[in-house]
Amino acid sequence: MSDLPQKSQQEYFEQSKALVPGGVHSPVRSFKGLHTTPRFFKKAKGAKIWDTDGKDYLDFCMSFGPLILGHANEDVENSLKAQLARGWSYGACEPYSLELANFLVERLPHIDQIRFVNSGTEAVMTAVRLARGASKRNKIIKFNGCYHGHLDSLLIKAGSGLAGTSEATSAGVPSNVTEDTLILELGDLAAVREVLERHPNDVAVIAVEPLPANNGLLPQPIEFLQGLRSLATEFGAYLLFDEVISGFRMGFGGMAEQTGIEPDMVCYGKIIGGGLPVGAVAAKKEIMEHLAPVGGVYQAGTLSANPLAMVGGLETLKQMTPEKYQQLEANTQKIVETLLEWFKNYDNGKFSGLNIVSRGSLFWIHPGAAPSNASNIPADLTDKFYELFSVLLEKGIYLAPNAYEVSFVSLAHDDQTIAELKERLYS
Ligand SMILES: *Cc1c(COP(=O)(O)O)cnc(C)c1O
């Protein structure tokens, strides 16, 4: 990396803004609202990431989730090197995706077929089309505060009127698309029933993040997910678990395994590719075979099941034994306790109003009591987060640069990292 040009963070960002909209290739990277420029990183290893000035940070963003083993894990690196030597794209059948598919289908009782795509967005887009094609229905139920990627039909928030009405969260999404997406509040089963009764034969799919983790961390009671399961069955809609974050993180089998609830369809992303671009849609064979070339629901990809990404994903997933999940959760608890303790102590209790909600190896920092849905997230969240983020950044501790994003712990966040966290917090 010695050949990088000598530029300040500000110079990198200015150049980037001239060449790329807002200077970024994904909006949350822009540090919007954080009153400082984004850091440009040049390398990462384990739990650490280095900016182009050479300053290192303990990373709690971890590429937003895929790197459950930590940055640049050696076994993954070796599997990638071995694949590089064999070529990195064939656009044809190969045994590497087959090995990953087999590894997954053997371990996940709720699926017997899988199709690999290149991102979580593509996985959800495919699942929605599959649900509509297989059911010959149009409408989608989605929950306020759940994120399912940037496909038109799910880039939609609750409208101001009746339960179930909606408006686009993005320009460029036509109103005839928003009409078919019905938005409800997490936890409100009565509203789900009401909407299903209002459209008795037209809801194709109920989509949910079984552990909502994209708009704060909003764990739901199991009764809510069980209720969705039985309502979907009663009304002939498919239940889609979007496990792009929770899959292979809340235990290997994600929330489907943890709750014992069997979704009709499941989407994976992030960890499934171990940091390379992979997504997947999976279900039982009867449903999956509606996809082309067997069925009439079209889906395709030039780089789908890219062999490099397949071996990286498989090597990552192979390492995730039950003991590793216990270790992850125990270390996450230590990190959470360390932070909570420091919140009380720092600068006469400047951050003592902050709390942390955590599940598995995810945690989310928020002011006040833990919110149960998107509508009761406190309004001062962003201001409080901004103060905290700046102090931590200075100390060499990197959180995801947005108040609504959760933090991710990896297996590289070991006791030594935790000791270093304490040192940096109190320095
Ligand atoms: C990240 C995420 C997506 C989108 O995945 P991309 O790979 O960013 O397209 C979809 N759903 C959930 C739950 C996610 O966390």
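Our subject in this report is the structure included herewith. No experiment lies behind these values; they were computed from the predicted model shown. (Residues numbered from 1 in each chain as written. Predicted model: local features only at pLDDT ≥ 70, side-chain atom pairs only at ≥ 80, totals over all residues. Heavy atoms only, no water.)

**A look at the site of the ligand**
So, point 1. Taken together, S119, G120, T121, Y147, H148, G149, E209, N214, D242, V244, I245 and K270 make up the full set of residues adjacent to the ligand.
So, point 2. Within the backbone of Y147, a nitrogen or oxygen atom sits 3.3 Å from a nitrogen atom of the ligand.
So, point 3. Between an oxygen atom of the ligand and a side-chain N or O atom of N214, the distance comes to 2.8 Å.
So, point 4. Relative to its unbound accessible area of 380 Å², the ligand is 83% covered by the protein chains.
So, point 5. In the shell around the ligand, the residues fall into 3 nonpolar, 6 polar and 3 charged. (Near = heavy atom within 4 Å. Polar contact = N/O pair within 3.5 Å; in protein donor to acceptor, adjacent residues only side chain to side chain. Areas by Shrake-Rupley, 256 points an atom, 1.4 Å probe, with all protein chains shown as cover. Nonpolar A, V, L, I, M, F, W, Y, C, P; charged D, E, K, R; others polar.)

**Looking at the sheet that holds strand β3 (residues 56-59)**
So, point 1. What the 4 strands build is an open sheet, ordered β1-β2-β3-β15; its pairing is mixed. Edge positions in the open sheet fall to β1 (41-45) and β15 (397-398), since each of these has one partner strand only.
So, point 2. Note: β1 against strand β2 (residues 48-51), 4 bridges, orientation antiparallel. Bridging across to β2, A44 finds its partner in I49.
So, point 3. Set on the sheet, helix α13 (residues 415-426) makes contact with β2, β3 and β15; between it and β3 the angle comes to about 120 degrees. (Pairing = 2+ DSSP bridges. Helix = DSSP H or I, 4+ residues; strand = E, 2+ residues; numbered from the N terminus. Contact = heavy atoms within 4.5 Å. Axes fitted to C-alpha atoms, helices over the stretch in contact; angles between N-to-C directions.)

**Describing the layout of surface pockets**
So, point 1. Its volume calculated, the second largest pocket comes out at about 710 Å³.
So, point 2. Contributing to the lining of the second largest pocket are 29 residues, with S97, I114, R115, F116 and A305 lying nearest its centre.
So, point 3. Secondary-structure elements contributing two or more residues to the lining of the second largest pocket are α3 (95-107) and β4 (113-117).
So, point 4. Classifying every residue of the lining of the second largest pocket gives 16 nonpolar, 9 polar and 4 charged. (1 Å grid on protein atoms, 1.4 Å probe; cavity = no way out; pocket = protein on both sides within 12 Å on 5 of 7 lines; lining within 4 Å. Points joined across faces, edges and corners; volume = space filled by probe spheres on them.)

**What about empty space enclosed by the protein?**
So, point 1. Considering all chains together, one arrives at 2 cavities of 30 Å³ or more under this definition.
So, point 2. Taken as a whole, the largest cavity spans an internal volume of roughly 60 Å³.
So, point 3. In terms of lining residues, the largest cavity is bounded by W364, I365, F385, L399, A400, N402, A403, E405, V406 and S407.
So, point 4. For the second largest cavity, the calculated volume is near 30 Å³.

**Brief notes about helix α1 (residues 9-19)**
So, point 1. Those residues of α1 not exposed but buried are Q9, Y12, F13 and S16. Angular distribution of buried residues about the axis of α1 spans 95 degrees; they occupy a single face of the element.
So, point 2. The elements touched by buried residues of α1 are β2. (Buried < 20%, exposed > 50% of the residue type's maximum accessible area, 1.4 Å probe, protein only. Arc of directions from axis to C-beta.)

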